[in-house]
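# A closer look at the structure
If you want the building blocks of each chain, they are given just below.
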Amino acid sequence: MTEDDFVGQRRFDELIANEQRVEPTDWMPEGYRKTLIRQISQHAHSEIIGMQPEGNWITRAPSLKRKAILMAKVQDEAGHGLYLYSAAQTLGVDRDTMFEQLITGKAKYSSIFNYTAPTWADMGSIGWLVDGAAICNQVPLCRASYGPYGRAMVRICKEESFHQRQGFEILLKLMRGTEQQRSMAQESVNRWYAPALMMFGPPDDDSPNSKQSMAWKIKRFSNDDLRQRFVDMLVPQAEILGVTLPDPAIRWNKERGHYDFGELDWSEFYEVLAGRGPANSIRVERRRRAHEDGAWVRVAARAYAEARSVEPERIAS
Amino acid sequence: MTSPGDSGAREMWPLWEVFIRSARGLSHVHAGSLHAPDEIMAVRNARDLYTRRAEGVSVWVVPASSITASDPDARGAYFESPQGKEYRHASYYTESDSVPHL
């Protein structure tokens, strides 16, 4: 360790201990930088890939209003991806490198987006359950020790609660509809419930990086704590919706002051994470094609900017 | 002196820092950054990316490479001088506390 590193480490430790933010120009440990690059870029990738299951439903949404809402939501997700890519770049990683890692399958993104969305009710379940889990996870990240990440998360969380509420409303409308609509909503909730709970990551005992992330104050709560918080919020909401959460083990535990819930099938989580989910290859392939097919737009925009920047006389001649 | 957002020639498009004025009479505040090939497209993209919910009435974009930041290692020399200079603040002068309109 050099003298500079020694001084830097001491200053970094002080910042973390005093709940201060670390900014891009500050000295930081290599592990902290790497962890953040991985986490923020994975997060950005999740937003970008997350546009697909819903983008697929824009043309089939049941009314003009629902189409407009869904478009706004997908646009938000693109925006969230961009905020997060920018935050990751302040750590010294290139945008192009991150894109490359995503389309070659080298980089991970949230396993939830590898499930398919076969019915309109899935737009409701994704909003209520998937975005709901995301908010639960993301609100504490607004206080992450790395400044640009925390600030990006504040902006994202503000937009995210619209996503959750529009999803809840879709399910509510279906539950107030015909018998067929109700069963469509219930069937969709049945499919998304467990994967949404898995979004918080593996149980604490199997989550090797959590401890360090919490010590660095990137994460504020453990996976299991966040999952419990989410279930506690879901149960009363499910009652209002009139849907059944597909876990017979759910019951109020008076001693703990929380809802108990059953074990999750983690083998499925690891299968999906390993690339064997229902839609892994479709998602990455579509992203790769969009990136490659859009190359001409990037080239054209740059050529236009360059042409505009030269003297007008020279363009004329 | 360094430029915090300068990614050099590694990116296809330059990086821009975006500043938004939320209402007339307030200052422009940093909202975030984005990539764009030129300033016109940067402003347009900034509107799409950072003002989808009526966040502002005016957008500035600045090439990130045009921003010069103070040296983080020189923090002490740059920012410690106000310490011990409480007399620069009005609240330092307590003798006049009970005097009206002063």
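Check the entry above for the structure.
So, here's what we can say about the structure. Worth saying up front: this structure is predicted, and the values here are computed from it rather than measured. (Residues numbered from 1 in each chain as written. Chains lettered and ligands numbered in written order. Predicted model: local features only at pLDDT ≥ 70, side-chain atom pairs only at ≥ 80, totals over all residues. Heavy atoms only, no water.)

### Considerations on the overall build of chain A
Counting its regular elements, chain A contains 13 helices and two strands. In terms of overall dimensions, chain A is globule-like: its C-alpha atoms have a radius of gyration of 22 Å, near the 20 Å expected for 317 residues. When its C-alpha atoms are laid out on the principal axes, chain A stretches across 70 × 60 × 35 Å. Of the roughly 15600 Å² of accessible surface on chain A, a fraction of 55% belongs to carbon and sulfur atoms. (Helix = DSSP H or I, 4+ residues; strand = E, 2+ residues; numbered from the N terminus. Rg over C-alpha atoms; globule rule 2.2 N^0.38 Å. Areas by Shrake-Rupley, 256 points an atom, 1.4 Å probe, with all protein chains shown as cover.)

### What about the packing of helix H3 (residues 64-89) of chain A against helix H4 (residues 95-103) of chain A?
Residue and element names in this part refer to chain A. One way to put it is that H3 packs onto H4 with a least axis distance of 9 Å and a crossing angle of 120 degrees. Taken together, the axis directions place H3 and H4 in an arrangement best described as oblique. For the pair H3 and H4, the sense of crossing is right-handed. Listed contacts from H4 to Leu82, Tyr85, Ser86, Ala88 and Gln89 of H3 are Arg95, Met98, Phe99 and Leu102. Across the contact of H3 with H4, the residue classes break down as six nonpolar, two polar and one charged. (Axes fitted to C-alpha atoms, helices over the stretch in contact; angles between N-to-C directions. Parallel < 35°, antiparallel > 145°, perpendicular 65-115°, else oblique. Left-handed = near helix turned anticlockwise from the far one by under 90°. Contact = heavy atoms within 4.5 Å. Nonpolar A, V, L, I, M, F, W, Y, C, P; charged D, E, K, R; others polar.)

### Quick notes on the interface of chain B and chain A
Contact with chain B, which involves 21 residues of that partner, is made by 24 residues of chain A. Carbon and sulfur atoms make up 47% of the surface buried where chain B meets chain A, a total of about 2100 Å² over both sides. Looking at the side of chain B facing chain A, the largest losses of area belong to B:Met12, B:Arg52 and B:Arg53, adding up to 27% of the total buried there. The tally of links from chain B across to chain A stands at six salt bridges. Where chain B meets chain A, there are 10 residue pairs in polar contact (both at pLDDT 80 or more). Looking at the side of chain B that touches chain A, the elements that each hand over two or more residues are strand E2 (29-35) and helix H1 (39-50) of chain B. If you tally residues by element for the side of chain B that touches chain A, the top one is H1(B), at five residues. Across the side of chain B that touches chain A, the residue classes tally to 11 nonpolar, three polar and seven charged. (Buried area = accessible area lost by both parts, 1.4 Å probe. Salt bridge = Lys/Arg side-chain N within 4 Å of Asp/Glu carboxyl O. Polar contact = N/O pair within 3.5 Å; in protein donor to acceptor, adjacent residues only side chain to side chain.)

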